[in-house]
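Spelled out, the chains give:
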Amino acid sequence: MNTREMFAKAVDGGYAIPAFNFNNMEQLQAIIKACAETKSPVILQVSSGARKYANQTLLRYMAEGAVAYAKELGWEHPQICLHLDHGDTFELCKSCVDFGFSSVMIDGSSLPYEENIALTKKVVEYAHQFDVTVEAELGVLAGVEDDVVAEESHYTKPEEVIDFATRSGCDSLAISIGTSHGAYKFKPEQCTRDPQTGRLVPPPLAFDVLAEIEKKLPGFPIVLHGSSSVPQEYVDIINANGGNMPDAVGVPEDQLRKAAKSAVCKINIDSDSRLAFTAAVRKVLAEKPGEFDPRKYCGPARDEMVKLYKHKIIEVLGSDGKAE
Ligand SMILES: [Zn+2]
């Protein structure tokens, strides 16, 4: 399904739909299992990195298989959207629409304002003929995500959102209010340090900007990218088992919970799943150096991701029970 109905209900209900990236079978199994067990609608995201790693055709059929798998798990009416994450050209978005994706993102945020509108409008006009929904982006997020790299962030300007949404015709809008891509969301100099634990304490999100945007576009679906919280227990397991991730830091979950209750109705989480996977794999391999069967470490990694996704759905996004 596309995102239209999902978002309308989420905005009304004061919760957010999880948007989880997937690149391999274990990740997809974990997402579907967590959503089936909690009856949460879900957006499966395919990034350009995922397309390069796993092949777009394979991922598309995996998503189709995921719907059948969800039903097998006893989820009678699964609500699953297949979404292109960070499409950067009209041609790419068109190819995903033609290929059966139910939603696409066109990220023209690095372009000048008028060019972003024109590109988004072109994608919207094509996608809507096939009832495919379109996410656009206004404002720039910092950080690194696959091929998306930006040195500096620029908050979305609330005074532009009405004009942008109206003229582009987009169905949802990704905004920049201080989240960022990757596992190092804030530089140490942007943070304070907890004197007891020595951990970085990140700066708060710009909720004033979000409130301004909500006031301009009441009820319009808003999207947050780069919203992993970088659980420190995973970072600790990684570092204790041969890893080296000093000062990895994310967006605190209480801030995301607060955002989910507002017009924010899609929250993108990718890095946290990578951390859960890596922590579990490192732990198994450190404890059992003779292990060479990938199922013996990918299996525990999958279990850990199920736990993580369920936690996000129930404790952070509030989307559990919304797709009975
Ligand atoms: Zn993103």
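Placed above this text is the structure.
Residues numbered from 1 in each chain as written. Predicted model: local features only at pLDDT ≥ 70, side-chain atom pairs only at ≥ 80, totals over all residues. Heavy atoms only, no water.

This part covers the coordination of the zinc ion. Within the protein, the atoms that donate to the zinc ion are His86 (NE2), His181 (NE2) and His225 (ND1), at distances of 2.1 to 2.2 Å. Mapped onto the polypeptide sequence, the residues donating to the zinc ion form the spacing pattern H-x94-H-x43-H. Separated by 95 residues along the polypeptide, histidine 86 in strand β3 (residues 80-87) and histidine 181 in strand β9 (residues 180-181) bring together distant segments of the chain. Comparing histidine 86 with histidine 181 shows no difference in burial state: the two are buried. (Donors = N, O, S within 2.8 Å, 3.2 Å for Na, K, Ca; no water. Helix = DSSP H or I, 4+ residues; strand = E, 2+ residues; numbered from the N terminus. Buried < 20%, exposed > 50% of the residue type's maximum accessible area, 1.4 Å probe, protein only.)

Turning to the environment of lysine 310, a few remarks are in order. Relative to the assigned elements, lysine 310 resides in helix α12 (residues 294-317). In the structure, lysine 310 is positioned 274 residues away from alanine 36 in sequence and 9.8 Å away in space, judged by C-alpha atoms. Ignoring sequence-local partners within four residues, the contact set of lysine 310 consists of Ala34, Glu37, Thr38 and Glu315. (Contact = heavy atoms within 4.5 Å.)

Phi at lysine 39 takes a positive value of approximately 55 degrees, unusual for a residue other than glycine. On the secondary structure map, lysine 39 appears in the loop between α2 (25-38) and β2 (42-46).

Our focus in this paragraph is the packing of α2 against helix α4 (residues 56-72). In contact at an axis separation of 10 Å, α2 and α4 are set at 35 degrees when each is read in the N-to-C sense. In the packing of α2 onto α4, the handedness of the crossing is right-handed. Each of Met25, Leu28, Gln29, Ile32 and Lys33 in α2 lies in contact with α4, whose residues at this interface are Met62, Ala63, Ala66, Tyr69 and Ala70. Classifying every residue of the contact of α2 with α4 by side-chain character gives 8 nonpolar, 1 polar and 1 charged. (Axes fitted to C-alpha atoms, helices over the stretch in contact; angles between N-to-C directions. Left-handed = near helix turned anticlockwise from the far one by under 90°. Nonpolar A, V, L, I, M, F, W, Y, C, P; charged D, E, K, R; others polar.)

By the definition in use, this model includes 0 disulfides. Residue cysteine 35 stays outside any disulfide, its sulfur separated by 12 Å from that of cysteine 81, the closest cysteine. Judged by relative accessible area, which is 0%, cysteine 35 ranks as buried. The cysteine cysteine 96 is free of any disulfide, with cysteine 93 supplying the nearest cysteine sulfur at 6.9 Å. (Disulfide = S-S within 2.5 Å.)

All right, on to the nonpolar core then. If you look at the biggest cluster of nonpolar residues, it comprises 96 residues, and the most contacted ones within it are Phe22, Leu44, Val104, Leu173 and Ile222. Top element by residues in this core is α12. It accounts for 10 residues. Sequence-distant contacts of valine 104, defined by excluding residues within four places in its chain, comprise His83, Leu84, Cys93, Cys96, Val97, Val123, Val132, Thr133, Val134 and Glu135. Counting residues in each nonpolar core, the second largest holds 10 residues, with Ala10, Val11, Ile17 and Ala19 among its members. (Core = buried A, V, L, I, M, F, W, Y, C linked by side-chain atoms within 4.5 Å.)

Turning to the packing of aromatic side chains, a few remarks are in order. Taken as a whole and assessed by the stated rule, the structure comprises 5 aromatic pairs. When the ring of phenylalanine 90 is compared with that of tyrosine 126, the centres are 5.9 Å apart and the planes differ by 80 degrees; the resulting orientation is edge-to-face. Remark: tyrosine 126 occurs in helix α6 (residues 113-128) and phenylalanine 90 occurs in helix α5 (residues 90-98); sequence separation between them is 36 residues. Exposure remark for phenylalanine 90: the relative accessible area of 14% places this residue in the buried category. Take tyrosine 126: its relative accessible area is 16%, and that puts it in the buried class. Between the aromatic rings of tyrosine 113 and phenylalanine 164, the centroid separation amounts to 6.2 Å while the plane-to-plane angle is 50 degrees, which identifies the pairing as tilted. Taken together, the positions of tyrosine 113 in helix α6 and phenylalanine 164 in helix α7 (residues 158-168) put the pair 51 residues apart, joining distant regions of the chain. Accessibility expressed as a relative area gives 0% for phenylalanine 164, which makes it buried. Positioned over the ring face of phenylalanine 90 is lysine 122, at 4.4 Å from the centre of the ring. Sitting over the face of the ring of phenylalanine 207, lysine 258 holds its NZ or CZ atom 4.0 Å from the ring centroid. (Phe/Tyr/Trp six-rings, centres within 6.5 Å; stacked < 30°, edge-to-face > 60°. Lys NZ or Arg CZ within 6 Å of the ring centre and 35° of its normal.)

A word on the pattern of salt bridges. As enumerated under the stated definition, the model contains 22 salt bridges in all. One salt bridge in this structure joins glutamate 37 and lysine 33, with 3.2 Å as the shortest N-O distance. Taken together, the positions of glutamate 37 and lysine 33, both in helix α2 and 4 residues apart, correspond to about one turn of that helix. The class for glutamate 37 is partly exposed, based on a relative accessible area of 44%. Taking relative accessible area as the criterion, lysine 33 reaches 33% and is therefore assigned partly exposed. As a salt-bridge pair, lysine 157 and glutamate 160 come within 4.0 Å of each other at their nearest N and O atoms. By relative accessible area, lysine 157 is classed as partly exposed at 46%. (Salt bridge = Lys/Arg side-chain N within 4 Å of Asp/Glu carboxyl O.)

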